[in-house]
Amino acid sequence: MDSQAKQLNEVIAAACPAVMDLLSRKGREIYFPKLGILSQSAEAQGKAINATIGIALEEDGNPMHLACVMSRVQLSASQAVSYAPSLGTPDIRKQWKAMLGKKNPGLAGKSFSLPVVTSALTHGLSTCGYLFCDPGDAIILADLFWENYELIFSHACGARLDAFAMFTGQGRFNVEGLRARLMAGKVGKKIVCLNFPNNPTGYTPMIEEAHAITTVLREAAERGNKLVVLVDDAYFGLVYERSVFPESIFSLLCDLHPNLLAVKLDGPTKEDYVWGFRMGFITYGIRGGTSAVYEALEAKTGGAIRGNISNAANVSQSLLLSAYRDGTYATEKRAKYELLRSRYERVKQILAAHPEYTQEFVALPFNSGYFMCVRLRHADPEQVRQKLLTDYATGVIAMSGIVRLAFSAVPLAQLPVLFDNLFRAARDVKKKG
Ligand SMILES: Cc1ncc(COP(=O)(O)O)c(C=O)c1O
């Protein structure tokens, strides 16, 4: 093992020994190189002649750039075309941390790492796979999950998705299902993945459910299990009901127990409607986490990123930093939230106004996010999807026995038509038998 990795491991082991049990083999061995090109480059900064840099410079010392590129962005060349550091630009990392505190009042007074910049959540999740998943590891999660988890965790890491039924018969989050998975088998390393608002269901736990999930995780940690809880907050903030837990569950988990490492995966892709900017963050929190431990975890994360994509797009980091500092950001964001919320309300009204729809489909619990799902009573979801495409010019997603509808993407006026089409298509398919 490289001596730089050994040093990071010693720092982690001294204050948070459980984290060493949670890191994968690759996670234990990775480090962010302080020696070599990066340190030699850093030492040369500010010298009259600097022939260390891995980009091309103009004669005046600015990053080399094409006018047809730069004329399209209101940023300096170094903000737009230069590399960002592997851990992300320091200013956007600090800004996001401050914003996390504002968006999650429950984080007040709690210690957690500086967020590390990723190339959006998918890359953050896959970096967590690198750092925490060994082949054969199980990932405990609800059975209604984003299908890309299979590529990220199963195919790329050789992990196994160990799913529990997401809802009870009463339509509540199945906390007991989570408990059963956590308590099954030997006491040891457990990886959990929580995603709220959830894709595909659009469900976020109620306030008491979020506390019940936390209690179950604490019990598992108190038993001696070592837990890494991945908190996929892709749709953070899009909560539409008062009784729903309004913060990230990371607020409850980041200082829960010395045996539980909470890892928050979030970013502006969905929160700030910049899906193609490919920018996200990984943030760590553990009871007893010192700044040295957080820096060591950040360094390992930075090493995994450097060896994979090197660094996330600088232009996205610079654009968003200036947007977050813009006085209109909060109002503009609120307006988009209100639009999505009004679509959510419209869906609720449509379902309430059409009891006949329940002859063909029932809605799964939903209260947040981009989506809602229905379970068809008689017809096969894939056949209904085909019927909708051919006869009703309507596209939906059919998956594991349900149909997912992205109300986030359908204008208000078309929502009644969407549900009517679904009802008709389900009836057509049922009649055909
Ligand atoms: C639950 C969930 N997590 C993560 C992602 C990935 O988001 P990003 O575009 O930031 O990679 C998605 C995207 O659909 C998602 O639904």
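Residues numbered from 1 in each chain as written. Predicted model: local features only at pLDDT ≥ 70, side-chain atom pairs only at ≥ 80, totals over all residues. Heavy atoms only, no water.

Draft legend 1. Representation of the site of the ligand within the structure. The environment of the ligand is made up of A120, L121, T122, W146, N195, N199, D232, A234, Y235, T269, K270 and R278. For the ligand, the accessible surface in isolation is 400 Å², of which the surrounding protein chains cover 92%. Secondary-structure elements contributing two or more residues to the shell around the ligand are α8 (120–132) and α13 (268–271). The element best represented in the shell around the ligand is α8, accounting for three residues. (Near = heavy atom within 4 Å. Areas by Shrake-Rupley, 256 points an atom, 1.4 Å probe, with all protein chains shown as cover. Helix = DSSP H or I, 4+ residues; strand = E, 2+ residues; numbered from the N terminus.)

Draft legend 2. Inspection of the sheet that holds strand β10 (residues 397–399) at higher detail. Across the sheet, which stays open at both edges, the four strands sit in the order β8-β9-β11-β10 with antiparallel pairing between neighbours. The sheet is open, and its two edges are formed by β8 (361–363) and β10, each paired on a single side. Direction aside, the axes of adjacent strands within the sheet are offset by 30° on average. Note that β10 and strand β11 (residues 402–406) share three bridges and pair antiparallel. Bridged to M399 within β11 is I402. Against the sheet, helix α18 (residues 415–432) engages β8, β9 (371–376) and β11, with an angle of about 160° to β11. (Pairing = 2+ DSSP bridges. Axes fitted to C-alpha atoms, helices over the stretch in contact; angles between N-to-C directions. Contact = heavy atoms within 4.5 Å.)

Draft legend 3. Layout of the nonpolar core. Core analysis: the biggest nonpolar cluster contains 77 residues, and F132, F153, L261 and V263 have the highest contact counts within it. Counting residues per element, this core draws most heavily on α18, at eight residues. Residue contributions to this core reach at least three from each of two domains, namely domain 1 (3–32 + 86–324) and domain 2 (329–432). In this structure, F112, L182, F281 and M399 belong to the second largest nonpolar core, which totals 55 residues. (Core = buried A, V, L, I, M, F, W, Y, C linked by side-chain atoms within 4.5 Å. Buried < 20%, exposed > 50% of the residue type's maximum accessible area, 1.4 Å probe, protein only. Domains from an automatic or database assignment.)

Draft legend 4. Looking closely at the packing of aromatic side chains. In total, this model carries 24 aromatic pairs according to the counting rule given. Ring geometry for F145 and Y149: centres 6.1 Å apart, planes at 15°, overall stacked. Each member of the pair, F145 as well as Y149, carries the same accessibility label: buried. Connected via pairs of aromatic rings, a cluster forms that spans Y240, Y337, Y344, F366 and F407. Positioned above the aromatic ring of F236 is the side chain of K264, whose terminal nitrogen or guanidinium carbon lies 5.1 Å from the ring centre. (Phe/Tyr/Trp six-rings, centres within 6.5 Å; stacked < 30°, edge-to-face > 60°. Lys NZ or Arg CZ within 6 Å of the ring centre and 35° of its normal.)

Draft legend 5. Seen up close, a nonpolar patch on the surface. A contiguous nonpolar patch, built from L66, V69 and V81 and spanning about 250 Å² of accessible area, is present on the exposed surface. Looking at where V81 falls in the secondary structure, it is placed in the loop between α6 (77–80) and α7 (90–103). (Patch = residues over 30% accessible without salt bridge, like charges linked within 9 Å, V, L, I, M, F, W, Y side chains within 5 Å. Salt bridge = Lys/Arg side-chain N within 4 Å of Asp/Glu carboxyl O.)

Draft legend 6. Just the layout of surface pockets, in detail. Taken as a whole, the largest pocket holds about 1,500 Å³ of empty space. Around the largest pocket sit 44 residues that line it, and F32, L38, A84, P85 and S86 are the ones nearest its centre. No other element matches helix α14 (residues 291–306), which puts five residues into the lining of the largest pocket. Of the residues in the lining of the largest pocket, the class split is 19 nonpolar, 19 polar and six charged. (1 Å grid on protein atoms, 1.4 Å probe; cavity = no way out; pocket = protein on both sides within 12 Å on 5 of 7 lines; lining within 4 Å. Points joined across faces, edges and corners; volume = space filled by probe spheres on them. Nonpolar A, V, L, I, M, F, W, Y, C, P; charged D, E, K, R; others polar.)

Draft legend 7. View of the sheet that holds strand β6 (residues 260–266). Read across the sheet, seven strands follow the order β1-β7-β6-β5-β4-β2-β3 without closing on themselves; strand pairing throughout is mixed. Each end of this open sheet is capped by a strand with a single partner; those strands are β1 (116–118) and β3 (160–164). Averaged over all neighbouring strand pairs, the angle between strand axes comes to 25°, with direction disregarded. Sheet topology note: the β6/strand β7 (residues 280–285) ladder contains five bridges and is antiparallel. Across the sheet, residue K264 finds its bridge partner in β7, namely T283. Contacts from helix α9 (residues 148–157) reach β2 (138–142), β3, β4 (189–195) and β5 (226–232) within the one sheet, and its direction differs from that of β3 by about 130°.

Draft legend 8. Inspection of the domain arrangement of the protein chain at higher detail. We note that the domain assignment places domain 1 (3–32 + 86–324) and domain 2 (329–432) within the protein chain. Spacing between the C-alpha centres of domain 1 and domain 2 amounts to 30 Å. The partner domain 2 presents 24 residues to the 28 residues of domain 1 that form the contact. When domain 1 packs against domain 2, the two sides together hide about 2,100 Å² of surface, and 60% of this comes from carbon and sulfur. Between K333 and D272 there is a salt bridge; the shortest N-O distance is 3.1 Å. Taken together, the connections running from domain 1 to domain 2 amount to 14 residue pairs in polar contact (both at pLDDT 80 or more). Breaking the side of domain 1 that touches domain 2 down by element, the ones donating at least two residues are α13 and α15 (314–324). For the side of domain 1 that touches domain 2, a count of residues per class yields 17 nonpolar, seven polar and four charged. (Buried area = accessible area lost by both parts, 1.4 Å probe. Polar contact = N/O pair within 3.5 Å; in protein donor to acceptor, adjacent residues only side chain to side chain.)

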